[in-house]
Amino acid sequence: MSLYLDYNASTPLDREVLEIMIEAYTEGYGNSESRTHDYGTKAHKRVEEARKKAAELLNVHTNEVIFTSGATESDNMAILGLQDYGERTGKKHIITTEIEHKAVLEPCKELQKRGFEVELIAPDSSGRIKADDVINRVRKDTLLVSVMHANNETGIIQPVREIGDELNDKEVYFHVDAAQSCGKLVDELKSMKYDLLSLTGHKMYAPQGIGILVARTENYRKPPLRPLFFGGGHENGMRSGTLPTALICGLGKMCELISQNYKEYWNTYYETKTKMLNILKSSNIEFYMNGEEKYCLPNTMNISFPGIDSEAFMIQTRSWCAISNGSACNAASYDYSYVLKAMGIPDERMRSALRISWGKDRLDLQNFEQIIEIAGRMI
């Protein structure tokens, strides 16, 4: 069986998460908003227990946790949801980066069409933006700063802690896309300052189709978000629609498991990366790391083998492993990665770039050794 090395696209479901979901599907199928019978009451209790576990992982209040369908919806809520406030106050300047996920860049483009000004910050060759490049562009009419915590293609951790500290006393909303970092950079997420934060279950061993937008309360006031769609007023009016109890229970269970085990997971990520790098170095094959290692998540590598076309390589090795050459959201595009372009990576290296990402369980790397041998034969 091939070795799955595309965790940054989607993780497998944790066994304990699956068990709690099966229980919720078979025993907790009531509508959590149906308060006239025990089925609804029990479903509501399950939802609130999961909300509490998510809040504990993130060190926020339960009333700051809004369940969504995933990080894409959360990102859209955080950005498009501020449109009315921006128009009302004349604050129509947005700052983000060239390396954000499309779920941030596209809603920003949409606001641009509606008369907002969007300013994009470029990273340097390390894959990391400079906090000062963001802070120095904040103006009186700046509505929002949106910066991802860790990049989905390179794994490079961005200086969101420093940006949050600097923005804390400014009248600017700060949004962090934590889809790749939640469950990994746990201590940093617990302590950093932000107004809005997005995450998704399927990047952290929970089910696809469930995520969270955290909307922090300051001086008893939340960010002035307008809902994206309307209905029964669920999630305190922010996200109408019947809550998917089983998915929420699965996410809550994984938040609990991460709270208990995240240091052990972190050590396993590093252990796997060390072994992979040793295999690469001992192969004597020329390769480049795209992004500076000291800033990189321990479960991610973006590497280039000069002389190899990444598309051809993935076809050659698909029976041995599952890897990618970038974000799954750009899989239909055969253009070079816009993230690597923004970093100034040469065309030849972009053409051969591969993203390898792994998980919290120890792996048998025999297949990885095999694909490196294949790379050697293709050069």
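Scroll up for the structure.
Below is a summary of the structure that appears in this document. Because the structure is predicted, anything quoted here is derived from the model rather than measured.

### Examining the overall build of the chain
Summing up its helical and strand segments, the chain has 13 helices and 12 strands in all. In terms of overall dimensions, the chain is globule-like: its C-alpha atoms have a radius of gyration of 21 Å, near the 21 Å expected for 379 residues. For the chain, the C-alpha atoms occupy an extent of roughly 65 × 50 × 35 Å along the three principal directions. Counting across all 379 residues of the chain, residues that qualify as buried make up 56%. In the chain, 73% of the contacts between residues at least 6 apart in sequence involve partners at least 24 apart. Carbon and sulfur atoms make up 46% of the accessible area of the chain, which totals about 16,700 Å². Treating the 45 positive side-chain charges of the chain as one cloud and the 53 negative ones as another, the clouds have centres 2 Å apart.

### Regarding the nonpolar core
The biggest cluster of nonpolar side chains holds 77 residues, and the ones touching the most others in it are Leu 5, Val 145, Ile 163, Phe 174, Leu 280, Phe 305 and Phe 368. The greatest single-element share of this core, amounting to 14 residues, is contributed by helix H9 (residues 245-282). Apart from the residues lying within four places of it in its own chain, the contact partners of Phe 174 are Leu 144, Val 145, Val 147, Val 160, Ile 163, Gly 164, Leu 167, Lys 193, Tyr 194, Asp 195 and Leu 196. With 21 residues, the next largest nonpolar core counts Ile 66, Leu 80, Tyr 85 and Ala 215 among its residues.

### Some details on the environment of Met 350
Within the secondary structure, Met 350 is located in helix H12 (residues 347-351). Relative accessible area serves as the criterion here: at 7%, Met 350 is assigned to the buried category. The spacing of Met 350 and Ser 304 is 46 residues in sequence and 7.2 Å in space, taken between C-alpha atoms. For Met 350, the residues in contact, after removing those within four places along its chain, are Tyr 336, Ser 337, Leu 340, Lys 341 and Ile 345.

### Let's talk about the pairing of strand S5 (residues 142-148)
Most of S5 sits inside the fold, with seven of its seven residues counted as buried. In this structure, strand S3 (residues 93-97) lies alongside S5, joined through three bridges in parallel fashion. Residue pairing across strands places Ile 95 opposite Val 145, the latter belonging to S5. The parallel pair S5 and strand S6 (residues 173-177), bridged by helix H7 (residues 160-167), forms a crossover whose chirality is right-handed.

### Examining helix H10 (residues 310-317)
For H10, the full list of buried residues reads Ser 310, Phe 313, Met 314 and Thr 317. One side of H10 holds all its buried residues, which, seen down the axis, span an arc of 100°. Its buried side turned inward, H10 meets strand S11 (321-322), H12, strand S12 (353-357) and helix H13 (366-378). Residue Asp 309 occupies the N-cap position of H10, its side-chain oxygen lying 3.1 Å from the main-chain nitrogen of Glu 311.

### So, the sheet that holds S6
Hydrogen bonds along the backbone pair up the strands of a sheet, which may run parallel or antiparallel. What the seven strands build is an open sheet, ordered S2-S8-S7-S6-S5-S3-S4; its pairing is mixed. Two strands bound the open sheet, and with one partner strand each, they are strand S2 (65-68) and strand S4 (117-121). Geometrically, the sheet is characterised by an average inter-axis angle of 20° between neighbouring strands, direction not taken into account. The strands touched by helix H3 (residues 71-80) are S2, S5, S6, strand S7 (196-200) and strand S8 (211-215); relative to S7, the strand with the most contacts, the crossing angle is about 165°.

### Some thoughts on the packing of aromatic side chains
All chains considered together, the criterion is met by six aromatic pairs. Following the ring pairs from residue to residue traces out a cluster consisting of Tyr 4, Tyr 7 and Tyr 205. Seen from the ring of Tyr 295, Arg 128 lies directly overhead, with NZ or CZ sitting 4.4 Å from the centre.

### Concerning the packing of H9 against H13
Between H9 and H13, the shortest axis-to-axis distance is 10 Å and the interhelical angle comes to 30°. Comparing the axis directions of H9 and H13 gives the class roughly parallel. As for how H9 packs across H13, the hand of that crossing is right-handed. When H9 is examined against H13, the residues Met 276, Ile 279 and Leu 280 are found in contact with a partner set consisting of Phe 368, Glu 369 and Ile 372.

About the criteria used
Residues numbered from 1 in each chain as written. Predicted model: local features only at pLDDT ≥ 70, side-chain atom pairs only at ≥ 80, totals over all residues. Heavy atoms only, no water. Helix = DSSP H or I, 4+ residues; strand = E, 2+ residues; numbered from the N terminus. Rg over C-alpha atoms; globule rule 2.2 N^0.38 Å. Buried < 20%, exposed > 50% of the residue type's maximum accessible area, 1.4 Å probe, protein only. Contact = heavy atoms within 4.5 Å. Areas by Shrake-Rupley, 256 points an atom, 1.4 Å probe, with all protein chains shown as cover. Lys, Arg positive; Asp, Glu negative; His and termini not counted. Charge placed at Lys NZ, Arg CZ, Asp CG, Glu CD. Core = buried A, V, L, I, M, F, W, Y, C linked by side-chain atoms within 4.5 Å. Pairing = 2+ DSSP bridges. Right-handed = clockwise from strand over helix to strand, strands pointing away. Arc of directions from axis to C-beta. Polar contact = N/O pair within 3.5 Å; in protein donor to acceptor, adjacent residues only side chain to side chain. Axes fitted to C-alpha atoms, helices over the stretch in contact; angles between N-to-C directions. Phe/Tyr/Trp six-rings, centres within 6.5 Å; stacked < 30°, edge-to-face > 60°. Lys NZ or Arg CZ within 6 Å of the ring centre and 35° of its normal. Parallel < 35°, antiparallel > 145°, perpendicular 65-115°, else oblique. Left-handed = near helix turned anticlockwise from the far one by under 90°.

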